[in-house]
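Results of the structural survey
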Protein chains: 2
Amino acid sequence: MEEGAAREGLSSEGIAAQLRVRILEGAYSLGQRLIEMDLAEEFGVGRGRVREAFRMLTGEGYLEFVANRGVLVRCYTRAELIEMGRVREVLEGLAAKLAAEAELSGEMRQELEALQERMNVAEAAGDYPSFGAENRAYHALIERLAGNKFASAYIDRVRIPLIRVQMPPADVAESIGRSNRDHRVITAAILNGAPEAAEAAMRAHVRAGNEHVARLPEAVFSAS
Amino acid sequence: MEEGAAREGLSSEGIAAQLRVRILEGAYSLGQRLIEMDLAEEFGVGRGRVREAFRMLTGEGYLEFVANRGVLVRCYTRAELIEMGRVREVLEGLAAKLAAEAELSGEMRQELEALQERMNVAEAAGDYPSFGAENRAYHALIERLAGNKFASAYIDRVRIPLIRVQMPPADVAESIGRSNRDHRVITAAILNGAPEAAEAAMRAHVRAGNEHVARLPEAVFSAS
DNA sequence: CAGATCAGGATTGTTGACAATCCACCCGAG
DNA sequence: CTCGGGTGGATTGTCAACAATCCTGATCTG
């Protein structure tokens, strides 16, 4: 008897995990209201469990609680996005620094090199979706190499408003090029064990991304 | 009819706020288990409200959830303390940087100067409790000057394990001296509008504190 | 005496029902 | 036609009761 479904249905944590994935995948539109009873029926549990999941996701920044109104998918304003961007800058910078400080195993070094190579391929092919996926994996890998769970947790949170941001197709190629040029610098600094350089490069990289996002049209931020 | 107590008793948020204060003030010992029903009776509400407050405080890092066992006052290990210290370093550094970037009103500049002066007085008097209080106010003021609510929120969270740490009386005087020397550098950088200098000084300041804390005996971390 | 086994009590996990609240719609007056 | 007020339905806020779970300590056994 390992663990898990002590009773039937998912636990509050399980429901929270499901909803987190849904929000990340865009199953709900920004600002959409979530009805306790609907989800309770869908998951086959009582409203209480759904409510607790809501409270967790509110604390993480995925949902917004409105008194007597319930929860909605949290929608960040441009100003908040910029504030979060500043935080992301230093936190991802820290992750890169810690990764460069860590004594990486050969396996981890290979993984980093392989990921960099896959990004290079995607860049050469001009394959934006693929590059985007590898880019996310790259940042996630650096978080893992850094080995600081608090940094990881907060980075995830300040990244939430970015999950739906789409690059305007016009400047995709240039954007990929600049982004991957940064990546190569960061990768080299981490592999060479240069914490300061890694941090500086990552900060500049994130900052460039933030400045790009901050200039996007208003429609990106408001509902659906 | 402004708002507030729609029914009798505190809301979940109100209970969470109360408990947060209690934990910060040390009303509960580290690792202490909190009983839902006891608090429900004390606040004159049902268990559900207390439960929701627990979930919020768990997300913030004040409590720890154990399945079928309830919550305990979260107790961080030395390793976690060090991890959080690294995060605090960059976040407080960011706050100092943002404060130096901001266009401060005359009133705010005066407030900062007054606080620095009060710390100087406490230092000269060798008044450790007073210096500790002013020190907390100082860091809080810088957060306010920075005007980034996400940075503030995360700084508060990574500070949680520090709330009970007591400086060994032996090196109090030296500790105050070094700490306040750092403060003067930071204050000057903020008032002069030197973001890079402010960030670097704050980082060094926090790092020095972290290294000091990391060397404290094990008793500080485990349960009271 | 040490260790395993097994009640009993205490506490959490969960639900369904009820009251309070809010919103959208409708209606009537100007 | 527009605006203010009221009304009904939908949804959240809350609780009290019940089931599941875990820990404590007493009992039994080798």
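Here, every reference points to the structure presented above.
Quick caveat, the model's predicted, so the values are computed rather than measured.

With that settled, the discussion passes to the overall build of chain A. A tally of helices and strands in chain A yields nine helices and three strands. Beginning at the N terminus, the succession of helices and strands in chain A can be written as α-β-α-α-β-β-α-α-α-α-α-α. Going through the 224 residues of chain A one by one, you find that 46% of them count as buried. When the accessible area of chain A is evaluated, it comes to approximately 11200 Å², of which 52% is carbon and sulfur surface. A gap of 5 Å separates the mean positions of the 28 positive and 34 negative side-chain charges of chain A.

Right, let's get into the relation of the copies chain A and chain B. Mapping chain A onto chain B calls for a rotation angle of 180 degrees and an axial translation of 0.0 Å; the resulting RMSD is 0.0 Å. Such a combination of turn and shift is consistent with a two-fold rotation axis. Take the interface residues of chain A: 97% of them recur as interface residues in chain B, which is what a same-surface contact looks like.

Here we come to the pattern of salt bridges. Between side chains of opposite charge, a pair can form when the charged atoms approach closely. This model, assessed by the stated rule, comprises 42 salt bridges over all chains. As a salt-bridge pair, Glu174 of chain B and Arg178 of chain B come within 3.7 Å of each other at their nearest N and O atoms. With Glu174 of chain B and Arg178 of chain B both in helix H8 (residues 172-191), this residue pair falls four residues apart, about one helical turn. What makes Glu174 of chain B exposed here is its relative accessible area of 53%. Here Arg178 of chain B falls in the partly exposed class, since its relative accessible area comes to 33%. What you see here is one network of salt bridges that share partners, running through Glu13 and Glu52 of chain A together with Glu36, Arg47, Arg51 and Arg55 of chain B.

Glancing now at the sheet that holds strand S3 (residues 70-73) of chain B. Residue and element names in this part refer to chain B. Pairing is antiparallel across the open sheet formed by three strands, whose spatial order is S1-S3-S2. Where the open sheet ends on each side, the last strands, each with one partner, are strand S1 (33-34) and strand S2 (63-66). In the sheet, S1 pairs with S3 via two bridges, with the strands oriented antiparallel. Counted as the bridge partner of Leu34 is Val71 from S3.

Moving on, we get to the pairing of S3 of chain B. All names here are of chain B. As paired elements, S2 and S3 share four bridges and run antiparallel to each other. Following the sheet pairing, Phe65 is matched in S3 by Val71. With antiparallel pairing between neighbouring strands as the criterion, S2 and S3 make up a hairpin whose turn holds three residues, including Asn68 at a positive phi of roughly 60 degrees.

Turning our attention to the sheet that holds strand S1 (residues 33-34) of chain A. Strand pairing in a sheet takes place through backbone hydrogen bonds and is either antiparallel or parallel in direction. With respect to topology, three strands assemble into an open sheet ordered S1-S3-S2 (chain A), the strand pairing being antiparallel. If you trace the sheet from one side to the other, it starts and ends with S1 and strand S2 (63-66) of chain A, each paired once.

Reading the values: rules and limits
Residues numbered from 1 in each chain as written. Chains lettered and ligands numbered in written order. Predicted model: local features only at pLDDT ≥ 70, side-chain atom pairs only at ≥ 80, totals over all residues. Heavy atoms only, no water. Helix = DSSP H or I, 4+ residues; strand = E, 2+ residues; numbered from the N terminus. Buried < 20%, exposed > 50% of the residue type's maximum accessible area, 1.4 Å probe, protein only. Areas by Shrake-Rupley, 256 points an atom, 1.4 Å probe, with all protein chains shown as cover. Lys, Arg positive; Asp, Glu negative; His and termini not counted. Charge placed at Lys NZ, Arg CZ, Asp CG, Glu CD. Least-squares fit on C-alpha atoms with pLDDT ≥ 70 in both. Contact = heavy atoms within 4.5 Å. Salt bridge = Lys/Arg side-chain N within 4 Å of Asp/Glu carboxyl O. Pairing = 2+ DSSP bridges.

What is shown is where atoms sit, not what they do.
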